[in-house]
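The chain contents come next:
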Amino acid sequence: MFVHTLQSLIQVLSDLFALVLVLRFYLQVAHAPFKHPLCQFVVAATNFLVLPTRKLVPSVRSYDTATLLLAWLVCLLARVLMVLLWWRPEIFALPQAWMVLSLWSVLAVFQLSLKLLLGAVIVQAVLSWVNPYNPLAPVLDSLTRPYLRPFRRAVVGGVDLAPMALSLIVWMILTIPVTWLEAVFLTQLNVMG
């Protein structure tokens with residue numbers, strides 16, 4: 001019971017911090033307005049790690065690879081800690097265990113990216129009905145516009161169904177292949193442990 005609670009706490013805290021790192025990466029990719037308080041919070045909350053890492057890890061084609069690498073490392077560290085709580089430490093002597101943990105961490109960053117997109121689409125859709133001139137609208141628009149563009153023709157009776165179509169696709173990706181891959185990684189660790 002205690003181990004399960006500790007694992008959940010590690011996962012929640014690491015996912016929150018990794019989500020902020022992923023958000024920073026996508027805000028830069030989307031050229032979001034960095035004058036917004038949300039963007040300033042994200043930068044301030046992650047600068048202590050991102051700025052020193054940028055000195056070691058260069059950007060690739062103007063993509064902030066240091067931030068993405070840090071998100072992956074946070075997810076990897078969380079999974080290592082969870083494995084240490086659940087299985088024997090001898091599992092880390094196996095190169096296959098490190099490969100599984102590394103791939104599981106890549107999947108975790110991908111999963112956080114999809115959850116971020118899903119959350120941004122939902123909040124943007126709600127704000128468009130409640131308060132379309134909210135100061136958060138330009139930030140959400142810059143994050144979701146490239147993903148909503150292919151669905152923009154889905155207008156029925158004056159209602160834009162693009163957010164619903166994109167949300168459904170993201171939700172299906174999260175529930176079917178991502179959940180299956182997580183189960184595969186856990187099974188592999190069970191076999192090794």
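What you see is a predicted model; the values in this text were computed from it and never measured. Counting restarts for each chain: residues are numbered from 1 in the order of the written sequence. For this predicted model, a pLDDT threshold of at least 70 governs which residues receive local features, and a threshold of 80 or more governs which side-chain atom pairs are given and counted, while totals over whole chains, interfaces and linings are taken from all residues. Note: side-chain values were computed over all heavy atoms of the structure, leaving out hydrogens and water.

## Some points on the overall build of the chain
- Check the secondary structure of the chain and you find 6 helices and 2 strands.
- Each helix is a run of DSSP H or I of at least 4 residues and each strand a run of E of at least 2, with the numbering of both proceeding from the N terminus. What you see in the chain, going N to C, is helices and strands ordered as α-α-α-α-α-β-β-α.
- Expressed as lengths along the three principal axes of its C-alpha atoms, the size of the chain is roughly 60 × 40 × 35 Å.
- Exposure is judged per residue with a 1.4 Å probe applied to protein chains only, and the accessible area is read against the type maximum: over 50% gives exposed, under 20% gives buried, and values in between give partly exposed. Residues counted as buried form 37% of the 193 residues belonging to the chain.
- Within the chain, contacts between residues separated by at least 24 positions form 69% of all contacts whose residues are at least 6 apart in sequence.
- Accessible surface is estimated by sampling points in the Shrake-Rupley manner with a 1.4 Å probe; for residues, cover comes only from the protein chains shown. As displayed, the chain offers around 11,500 Å² of accessible surface, 73% of which is attributable to carbon and sulfur atoms.
- Mean positive and mean negative side-chain charge positions of the chain (12 and 6 charges, respectively) differ by 9 Å. Any two residues whose heavy atoms approach within 4.5 Å at even a single point are treated as in contact. In this tally Asp and Glu are treated as negative and Lys and Arg as positive; neither His nor the chain ends contributes. The location of each charge is read from NZ of Lys, CZ of Arg, CG of Asp or CD of Glu.

## Focus on the nonpolar core
- For this analysis, a nonpolar core means a set of buried residues of the types Ala, Val, Leu, Ile, Met, Phe, Trp, Tyr and Cys, connected via side-chain atoms within 4.5 Å. Grouped together as the largest cluster of nonpolar side chains are 24 residues, with contacts concentrated most on Val83, Ile91, Leu101, Val170 and Leu189.
- Mapped onto this core, the elements with two or more residues apiece are helix H3 (65–86), helix H4 (95–130) and helix H6 (162–192).
- Here this core gets 9 residues from one element, more than from any other, and that element is H4.
- Residues within four places of Leu101 in sequence aside, it is in contact with Leu76, Arg79, Val80, Val83, Phe92 and Leu189.
- Ranked by size, the runner-up nonpolar core spans 20 residues in total, among them Ala18, Ala32, Cys39 and Val109.

## Quick notes on the pattern of salt bridges
- One speaks of a salt bridge when a side-chain nitrogen belonging to Lys or Arg is within 4 Å of a carboxyl oxygen belonging to Asp or Glu. Inspection of every chain in the model, using the stated rule, returns 2 salt bridges.
- For Arg54, the salt bridge identified is with Asp64, shortest N-O distance 2.8 Å. Of the two residues, Arg54 is situated in helix H2 (residues 37–56) and Asp64 in the loop between H2 and H3; the sequence distance between them amounts to 10 residues.
- For Asp64, a relative accessible area of 5% translates into the label buried.
- The partner of Asp141 in a salt bridge is Arg145, and the shortest N-O contact between them spans 2.9 Å.

## A short note on the environment of Lys35
- Topologically, Lys35 is positioned in the loop between helix H1 (2–29) and H2.
- On the basis of relative accessible area, Lys35 is assigned to the exposed category, the value being 74%.
- Spatially, the C-alpha atom of Lys35 lies 38 Å from that of Thr5, the residues being 30 residues apart in sequence.

## Section: the packing of aromatic side chains
- A pair of Phe, Tyr and Trp rings is counted when the ring centres sit within 6.5 Å of each other, with Trp represented by its six-membered ring. The angle between the planes then sorts it: under 30 degrees is stacked, over 60 is edge-to-face, the rest tilted. All told, the structure shown has 4 aromatic pairs when counted by the stated rule.
- Each member of the aromatic cluster is reached from another via a ring pair, and the members are Phe25, Tyr26 and Tyr63.
- As a reminder, the over-ring test applies to NZ of lysine and CZ of arginine, requiring each to be within 6 Å of the ring centre and within 35 degrees of the ring normal. Just above the ring of Trp104 sits the side chain of Arg79; from NZ or CZ to the centre is 5.1 Å.

## A look at the UniProt feature "transmembrane region" (unreviewed entry) in the chain
- UniProt positions are given in the numbering used here, feature names are shortened, and annotations may be inferred rather than shown by experiment. Per the UniProt record, the feature "transmembrane region" (unreviewed entry) sits at residues 6–26, 69–87, 99–127 and 161–186.
- The span residues 69–87 is 95% helical and 0% strand by assignment, and the distance between its end C-alpha atoms comes to 26 Å.

## Details of the environment of Leu27
- Among the secondary structure elements, Leu27 is positioned in helix H1.
- A relative accessible area of 0% places Leu27 in the buried class.
- Once residues lying within four places of it in the same chain are set aside, the contact partners of Leu27 are Ala32, Phe34, Cys39, Val42, Val139 and Leu143.

## Quick notes on a nonpolar patch on the surface
- Patches here: salt-bridge-free residues with over 30% relative accessible area, like charges joined within 9 Å, nonpolar side chains (Val, Leu, Ile, Met, Phe, Trp, Tyr) joined within 5 Å. Residues Ile122, Val126, Trp129, Val130 and Val159 make up a contiguous nonpolar surface patch of about 550 Å² in total accessible area.
- Relative to the helices and strands, Ile122 resides in helix H4.
- By relative accessible area, Ile122 is classed as partly exposed at 45%.

## Structural notes on the side chain of His36
- By the element assignment, His36 lies in the loop between H1 and H2.
- Sequence-distant contacts of His36, defined by excluding residues within four places in its chain, comprise Pro135, Leu136 and Val139.

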